[in-house]
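A structural walkthrough
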Amino acid sequence: MSTVFKAQKSKQDKAKGVVAATEDKPVFRNKQRVLLLSSRGITFRHRHLLTDLGDLLPHTKKDAKLDSKSKLHIINELAELNNCNNCIFFEVRKRQDLYMWLAKTPNGPSVKFHIQNIHTMEELKMTGNCLKGSRHILSFDKNFESTPHWLLMKELFTQIFGIPKTARRIKPFVDHVISFSIVDNRIWFRNYQITEKPLEHRSATDTTDLTLVEIGPRFVMNPIRVFDGSFGGQTAFENPEFVSPNVARSNIKNAKVDRYKSRMDAIAKKDEKLKEAEMPEDPLAETNVFA
Amino acid sequence: MSDSDSEHEQQLTLEDLEGSDTEMLSGDEDGPVDIFTKQKVTVNNEPALRRLCEQIALPTDIPWSETQSITSSVPVHVVDPDDDLNREVAFYNQALEAAVQGRDRIKKEGGVFERPGDYFAEMIKTDDHMAKIRQKLLDENASIQASERAKAQRELKKFGKKVQTEKRLEREKAKADALDKIQTLKKKRQGGDSTGNADDEFDVALASDDDEMKAYKTAGKGGKNQNGKRPAGSSSTTESRGKRMKKDQKFGFGGKKRFGKSNDANSSADVSGFNVKRNKSTSFKAGHKASKGAAKGGAKQRPGKGRRQNGAGRK
């Protein structure tokens, strides 16, 4: 009804020659909604990370675990159903390897990361705390501006991890900062609480009254590929340094194979040596002489 | 796409082919052999990446508070990513810079930054969880303190032992010295008892004689005291009676001597010496049992070490 009313009113206004102030300069609204879901076979640690992200980002919408790992394009439809234009998808393989997809649905691009070194908020080492759903500051390393693929990832992070002003469950204050840094060609994710140090506790070397306490979670994202489309399409970037965890594991196993092999070789060598050391039958042996 | 872009692509593909990504295996000297060549060409289509970035980018003229994103002024540089401390410090500094800048910008745009103290709302970590964290910190502190105390105690023990040995040696030395002195004195006496020693004794006797005479005279004037034992001049003081008083205190003086140590109604009602903890302790009970058993004649006693070990081996 209201839309009909608005349309009628604007028509009337136009007819009257009244121009609405908003029509001059259309106000841009950063409308981001993120679908948050995982594949089947997720482990507890990955699940905790997923819930942590859901708590940190009030503009996310969680969905049920996805059955299929091969037909990922259906996520685009799921996102559309949920009115989401972004997606974070946790793909778990072999119940141990976590891959995270960040995608702009439905037209892309999308990035696939391998997630390593996960520490969730559940852990007791990180002592910070913040409001649930408060907007945070996003801090990016300057390295993100060095190459196009990092730049693209930065844009994706700002849209997916940045909480829009108009999100429904946000709280009005800014009390934490999320940082993305590039070290060792990986992206390191950290989340800190911002606290203000009282005057009497400040030392002479402090340049600011702010201090940070880590809240968590923390994890490392190793980019694998950047795709043209959402969950598919042409590859625009492929990380040459990425080593699949399967390969890494098989390398470790192969290193152990060497030990087994060398042991078997040694046994074979010993057997041969013993065979060579055997003496030929003595013609003067007791059994030969008195038989 | 422009010319420059396609040129760039060309360059890229060439680079890719020349680089180490293309794994070429050569045949043996005998001749070319069929080898399965694995070719891995990585993709880095920069123009496409730029286009994608432009495609999704937010308009540039929006207020900063829409995204609240800040790029650091200095790139994070960590020499060794396995060095936890330096790495985390670098991240911390990056985030701190963003926090400081962000606060300024938020305030400039008229937003609210810090949470007032009386604003309570659901937190990301529950109170239970925070209590757990606090408890863990306390426990850690306590364990650190305990270990430090134990360390200090160990040091003290080491030091105490040193002091003990020193003291023992000192005492032994003193004893030896004293014995030495006595020996020398004895020797001296044996050596010259005919002359000097006799004179000495004589002198002492004279002096004491004088004193005694004086005392006797004064006593004679004053007459005898009530006890009729001692002269008044040599009446005892508290200092001189110290030893006697101690003895009296210990063994009693005057009064009834019998049943002094036997219980009466008051003493048997007094249970201040009773200790529940000690009474319930296993060692106390064991002792009690053992004594009972001994009275009966033949309770189980712990056999000696050798017997124990042999017995265990046999069974």
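- As recorded in an unreviewed UniProt entry, chain B goes by rRNA-processing protein EBP2 and comes from Entomortierella parvispora.

- Per an unreviewed UniProt entry, chain A goes by Ribosome biogenesis protein BRX1 and derives from Entomortierella parvispora.
- Turning to chain A, the UniProt annotation filed under Subcellular location (unreviewed entry) states: "Nucleus, Nucleolus".
- The UniProt entry for chain A carries the following comment under Sequence similarities (unreviewed entry): "Belongs to the BRX1 family."

Things to note about the overall build of chain A
- Counting secondary structure elements, chain A contains seven helices and eleven strands.
- Taken over 291 residues, chain A has a buried fraction of 46%.
- Within chain A, counting contacts between residues at least 6 apart in sequence, those at least 24 apart form 67% of the total.

Thoughts on the interface of chain B and chain A
- Across the boundary between the two partners, chain B contributes 63 residues, which contact 76 residues of chain A.
- Taking both partners together, chain B and chain A bury about 6,100 Å²; carbon and sulfur atoms supply 62% of that area.
- On inspection of chain B and its partner chain A, the count reaches six salt bridges.
- The salt bridge partner of A:Lys132 is B:Glu122, with a shortest N-O separation of 3.3 Å.
- Remark: the boundary between chain B and chain A carries 29 residue pairs in polar contact (both at pLDDT 80 or more).
- If you list the elements that add at least two residues to the side of chain B that touches chain A, you get α2 (46-56), β1 (69-71), α3 (84-108) and α4 (127-192) of chain B.
- Within the side of chain B that touches chain A, the residues separate by chemical class into 35 nonpolar, 14 polar and 14 charged.

Some remarks on the nonpolar core
- Ranked by internal contacts, the top residues of the largest apolar core, which has 47 residues, are A:Ile88, A:Phe113, A:Phe157, A:Phe161, A:Phe180, A:Ile187 and A:Met221.
- In terms of residues, this core owes the most to one element, helix α5 (residues 148-161) of chain A, which gives seven residues.
- When near neighbours in sequence (up to four residues on either side) are disregarded, A:Phe161 contacts A:Leu53, A:Leu57, A:Ile88, A:Leu102, A:His136, A:Leu138, A:Leu156, A:Phe180 and A:Phe189.
- The next biggest cluster of nonpolar side chains, apart from the first, holds 22 residues, and it includes A:Val220, B:Ile70, B:Phe91 and B:Ala95.

Quick notes on unusual backbone geometry
Residues and elements named next belong to chain A.
- Each neighbour pair has its own omega, and for Thr105 with Pro106 the value is 0 degrees, a cis peptide bond.
- The topology assignment puts Pro106 in the loop between β4 (97-103) and β5 (110-119).
- Here the bond from Gly216 into Pro217 is cis, since omega is 0 degrees, no more than 30 degrees from zero.
- Among the structural elements, Pro217 can be located in the loop between β9 (210-214) and β10 (218-229).

Looking at the layout of surface pockets
- Its boundaries defined by the atoms lining it, the largest pocket holds a volume of some 430 Å³.
- Those elements that provide at least two residues to the lining of the largest pocket are α5 of chain A together with β1 of chain B.
- The biggest single contributor to the lining of the largest pocket is α5(A), with four residues.
- Per-class residue counts for the lining of the largest pocket are nine nonpolar, five polar and three charged.
- Lining the second largest pocket are A:Lys31, A:Gln32, A:Arg33, A:Pro58, A:His59, A:Thr60, A:Lys61, A:Pro164, A:Thr166, A:Ala167, A:Arg168 and A:Arg169.
- Partitioning the lining of the second largest pocket into residue classes produces three nonpolar, four polar and five charged.

Concerning the side chain of A:Arg190
- Turning to its location among the elements, A:Arg190 is positioned in strand β8 (residues 186-196).
- Residue A:Arg190 is classed as buried on the basis of its relative accessible area, which comes to 2%.
- At 2.7 Å, the side chain of A:Arg190 and the side chain of B:Glu88 are in polar contact.
- Residues in contact with A:Arg190, not counting those within four places in the same chain, are A:Val177, A:Ile178, A:Ser179, A:Glu214, A:Pro217, A:Arg218, A:Phe219, B:Arg87, B:Glu88 and B:Phe91.

Details of helix α3 (residues 44-56) of chain A
- Counted at 1.5 Å a residue, the expected span for α3(A) with its 13 residues is 18 Å, and the 18 Å between its end C-alpha atoms agrees.
- All of the buried residues in α3(A) are A:His46, A:Leu49, A:Leu50, A:Asp52, A:Leu53, A:Gly54 and A:Leu56.

Details of the packing of aromatic side chains
Residue and element names in this part refer to chain A.
- A full pass over the atoms with the stated rule returns 17 aromatic pairs over all chains.
- Centre to centre, the rings of Phe140 and Phe180 are 5.2 Å apart; their planes meet at 10 degrees, and the pair counts as stacked. Of this pair, Phe140 sits in strand β6 (residues 134-140) while Phe180 sits in strand β7 (residues 171-183); the two residues are 40 residues apart in sequence, bridging distant segments of the chain. With respect to burial, Phe140 and Phe180 carry one shared label: buried.

Concerning a positive patch on the surface
- A surface patch of like charges, here positive, comprises A:Arg33, A:Lys61, A:Lys62, A:Arg168 and A:Arg169.
- The class of A:Lys61 is partly exposed, set by a relative accessible area of 34%.

Thoughts on the pattern of salt bridges
- This model, assessed by the stated rule, comprises 24 salt bridges over all chains.
- Across the pair A:Arg218 and A:Glu214 runs a salt bridge, and its minimum N-O distance is 2.8 Å. No difference in accessibility class separates A:Arg218 from A:Glu214, as the two residues are buried.
- Put simply, A:Arg190, A:Glu214, A:Arg218, B:Asp84, B:Arg87 and B:Glu88 are held in one network by salt bridges that share partners.

Reading the values: the criteria
Residues numbered from 1 in each chain as written. Chains lettered and ligands numbered in written order. Predicted model: local features only at pLDDT ≥ 70, side-chain atom pairs only at ≥ 80, totals over all residues. Heavy atoms only, no water. UniProt positions renumbered as here; feature names shortened; annotations may be inferred. Helix = DSSP H or I, 4+ residues; strand = E, 2+ residues; numbered from the N terminus. Buried < 20%, exposed > 50% of the residue type's maximum accessible area, 1.4 Å probe, protein only. Contact = heavy atoms within 4.5 Å. Buried area = accessible area lost by both parts, 1.4 Å probe. Salt bridge = Lys/Arg side-chain N within 4 Å of Asp/Glu carboxyl O. Polar contact = N/O pair within 3.5 Å; in protein donor to acceptor, adjacent residues only side chain to side chain. Nonpolar A, V, L, I, M, F, W, Y, C, P; charged D, E, K, R; others polar. Core = buried A, V, L, I, M, F, W, Y, C linked by side-chain atoms within 4.5 Å. 1 Å grid on protein atoms, 1.4 Å probe; cavity = no way out; pocket = protein on both sides within 12 Å on 5 of 7 lines; lining within 4 Å. Points joined across faces, edges and corners; volume = space filled by probe spheres on them. Expected span 1.5 Å × (residues − 1). Phe/Tyr/Trp six-rings, centres within 6.5 Å; stacked < 30°, edge-to-face > 60°. Patch = residues over 30% accessible without salt bridge, like charges linked within 9 Å, V, L, I, M, F, W, Y side chains within 5 Å. Areas by Shrake-Rupley, 256 points an atom, 1.4 Å probe, with all protein chains shown as cover. Lys, Arg positive; Asp, Glu negative; His and termini not counted. Charge placed at Lys NZ, Arg CZ, Asp CG, Glu CD.

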